[in-house]
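What the coordinates show
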Amino acid sequence: ARGTAREPQSGVSSINAFLRGRQFAERRLYRAAIDAFSDAILLDPANDSAYLLRAESYQQLADLPNAEADFNESLRLQPNNSRAYLGRGPCRRP
């Protein structure tokens, strides 16, 4: 879950972790994708795409609070990201 203290896998770069997350997400392995995107974020906190794709993975698992938080962080880093705005909308339903 978001905010859980963890260390990225040894010897993994942010780019490799990000690409691994994309592969997991494409195979619908969302928990593994979240872990990989979390590694990418730990190694490069300015990676707005890692926040975006982790948000989408959370959303697929119906974890809307964490999805919304990551969409917000992605937007903070990249304010013109229409994909993040579109993804965040369903998270805000009452």
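Reference entry: report on the structure contained in this document.

Thresholds, definitions, all that
- Residues numbered from 1 in each chain as written.
- Predicted model: local features only at pLDDT ≥ 70, side-chain atom pairs only at ≥ 80, totals over all residues.
- Heavy atoms only, no water.
- Axes fitted to C-alpha atoms, helices over the stretch in contact; angles between N-to-C directions.
- Helix = DSSP H or I, 4+ residues; strand = E, 2+ residues; numbered from the N terminus.
- Parallel < 35°, antiparallel > 145°, perpendicular 65-115°, else oblique.
- Left-handed = near helix turned anticlockwise from the far one by under 90°.
- Contact = heavy atoms within 4.5 Å.
- Nonpolar A, V, L, I, M, F, W, Y, C, P; charged D, E, K, R; others polar.
- Salt bridge = Lys/Arg side-chain N within 4 Å of Asp/Glu carboxyl O.
- Buried < 20%, exposed > 50% of the residue type's maximum accessible area, 1.4 Å probe, protein only.

Below, the discussion takes up the packing of helix α1 (residues 14-26) against helix α2 (residues 30-43). α2 packs onto α1 with a crossing angle of 165° between their chain directions and a minimal axis gap of 8 Å. Here α1 is positioned roughly antiparallel relative to α2, judged by the angle of their axes. α2 is crossed by α1, and the crossing has left-handed handedness. In this structure, α1 contributes S14, A17, F18, R20, G21, R22, F24 and A25 to the contact, and α2 contributes Y30, A32, A33, A36, F37, D39, A40 and L43. Class assignment of the residues belonging to the contact of α1 with α2 gives a composition of eleven nonpolar, two polar and three charged.

Before going further, it helps to examine the pattern of salt bridges. By the definition in use, this model includes five salt bridges. Across the pair R83 and E56 runs a salt bridge whose closest N-O atoms are separated by 2.8 Å. Highlighted residues: R83 in helix α5 (residues 82-91) and E56 in helix α3 (residues 48-60), separated in sequence by 27 residues. Ionic pairing is found between R76 and E73, a salt bridge with its closest N-O pair at 2.6 Å. Note that R76 and E73 are positioned in helix α4 (residues 64-77) at a spacing of three residues, about one turn of the helix. On the basis of relative accessibility, which here comes to 56%, the residue R76 falls in the exposed class. Judged by relative accessible area, which is 18%, E73 ranks as buried.

Read these as layout, nothing more, since geometry by itself doesn't imply function.
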